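Inside the fold
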Amino acid sequence: MSVSIANANFIVVNDNIISPKASVKIESLGKELYLKTKVNVYVAATKSLDNVTIKEYEKSLVPTLKKPFVILALAKDAQKVDIMNSRALDDKFDKESTLSPFPWSGTIIPLLSAKKAHDKYNAALLNGYADIVEQIASSYNVKLEGSIGNTNKSIYQYLQIGIYGFLLIVLGRYFYQYIRRKNDKN
């Protein structure tokens, strides 16, 4: 069912879904986070769930994982993705935002839902893994040297700032003209 990777500590299952290049980056991020926080973030990428839910699949992997842990699981054929963590990490990252379908907050599902994206599974797993690792590092006040950031979130934040800034300028100008007209009448 599952293909394991030699010398992989943080990729516990890979059914030839994660490329060697993405594997190296995931392992690098996982190792750096572990060395700085003692938190393990794992990835399981399987082709088939073999008639179990993604939650049951994740639970079957838990006995092999070192605590505290987070596991990002993807089932390619079932088009399912989920994140499970040990209780000690409940408040260390935001699972809902990572799995959000909206591009301004989610880091996995927007990439998986792309129609003709080449290599979307590698991109989604690497982006989601990096997001989880960076959130956990931030909650421990740790800076990761190998951090890759999230371009989607950054772009949406800059757009949001730009739009609010523009609205503030328009409203400011309106009130300035309103007060000026009022003073001219007096």
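First things first, this report covers the structure right here in the doc. (Residues numbered from 1 in each chain as written. Predicted model: local features only at pLDDT ≥ 70, side-chain atom pairs only at ≥ 80, totals over all residues. Heavy atoms only, no water.)

1. Here we look at unusual backbone geometry
Here the amide bond leading from Lys67 into Pro68 is cis, since omega sits at -10°, within 30 degrees of zero. Mapped onto the elements, Pro68 comes out in the loop between α2 (54–61) and β3 (69–75). One non-glycine residue, Asn16, lies in positive phi territory at about 55°. When you line up the elements, Asn16 lands in the loop between β1 (11–14) and α1 (20–37). Note on Asn16: relative accessible area 63%, which makes it exposed. In this structure, Asp50 takes a positive phi of about 50° despite not being glycine. Its location among the elements puts Asp50 in the loop between β2 (40–46) and α2. (Helix = DSSP H or I, 4+ residues; strand = E, 2+ residues; numbered from the N terminus. Buried < 20%, exposed > 50% of the residue type's maximum accessible area, 1.4 Å probe, protein only.)

2. Description of α1
Taking 1.5 Å per residue as the helical rise, α1 with its 18 residues ought to reach 26 Å, and the 25 Å between its terminal C-alpha atoms agrees with that figure. Buried within α1 are the following residues: Ala22, Ser23, Ile26, Glu27, Leu29, Gly30, Glu32, Leu33 and Thr37. Buried positions along α1 lie against β1, β2 and α5 (120–139). (Expected span 1.5 Å × (residues − 1). Contact = heavy atoms within 4.5 Å.)

3. What to know about the pattern of salt bridges
When charged atoms on two side chains of opposite charge get close, those side chains can pair. Taken as a whole, this structure holds three salt bridges when the rule is applied. For Asp82, the salt bridge is made with Lys55, and the minimal N-O distance between the two is 2.9 Å. Of this pair, Asp82 sits in strand β4 (residues 80–85) while Lys55 sits in helix α2, and the two are 27 residues apart along the sequence. The class of Asp82 is buried, set by a relative accessible area of 7%. Note that Asp82 and Lys95 form a salt bridge whose closest N and O atoms lie 3.5 Å from each other. Placement of Asp82 in strand β4 and of Lys95 in helix α3 (residues 95–98) is noted, with a sequence separation of 13 residues between them. Residues participating in the shared-partner salt-bridge network are Lys55, Asp82 and Lys95. (Salt bridge = Lys/Arg side-chain N within 4 Å of Asp/Glu carboxyl O.)

4. Describing the packing of aromatic side chains
We describe a pair of aromatic rings using the distance from one ring centre to the other and the angle between the two ring planes. The final tally for this structure, using the stated rule, is two aromatic pairs. Considering the side-chain rings of Phe10 and Tyr42, the 6.1 Å spacing of their centres and the 35° angle between planes classify their relative orientation as tilted. Placement of Phe10 in the segment before β1 and of Tyr42 in strand β2 is noted, with a sequence separation of 32 residues between them. You'll find Phe10 and Tyr42 in the same group, each marked buried. Here the aromatic rings of Tyr174 and Phe175 are separated by 5.5 Å at their centres, their planes lie at 70°, and the arrangement is edge-to-face. (Phe/Tyr/Trp six-rings, centres within 6.5 Å; stacked < 30°, edge-to-face > 60°.)

5. Some words on the pairing of β4
Bridging between β3 and β4 involves six bridges; their strand directions are antiparallel. Note that in β4 the partner of Ala75 across the bridge is Lys80. (Pairing = 2+ DSSP bridges.)

6. Some details on the nonpolar core
Note that soluble globular proteins tend to have their nonpolar side chains buried in a common cluster. Within the largest apolar cluster, 46 residues are counted, with the highest numbers of intra-cluster contacts made by Val41 and Tyr129. Contributions of two or more residues to this core are made by β1, α1, β2, α2, β3, β4 and α5. In terms of residue count, the dominant contributor to this core is α5 (10 residues). In contact with Tyr129, other than residues within four places in its own chain, are Phe10, Ile26, Leu29, Gly30, Val41, Tyr42, Val43 and Leu72. (Core = buried A, V, L, I, M, F, W, Y, C linked by side-chain atoms within 4.5 Å.)

7. Focus: the environment of Lys38
With respect to the element layout, Lys38 can be found in the loop between α1 and β2. In the structure, Lys38 is positioned 28 residues away from Lys66 in sequence and 9.9 Å away in space, judged by C-alpha atoms. Those residues in contact with Lys38 that sit more than four places away from it in its chain are Leu33 and Pro68.

8. Brief notes about the pairing of β2
Burial analysis of β2 places seven of its seven residues in the buried class, the great majority of the element. Going residue by residue along β2, you find Asn40, Tyr42, Ala44 and Thr46 tucked away on one face and Val41, Val43 and Ala45 tucked away on the opposite face as well. Across three bridges, the pairing between β1 and β2 is parallel. Each bridged residue has a counterpart across the sheet, and for Ile11 the counterpart in β2 is Val43. As judged from the seven bridges shared by β2 and β3, these two strands associate in the parallel manner.

Fair warning: the whole summary comes from geometry, so function is off the table for now.
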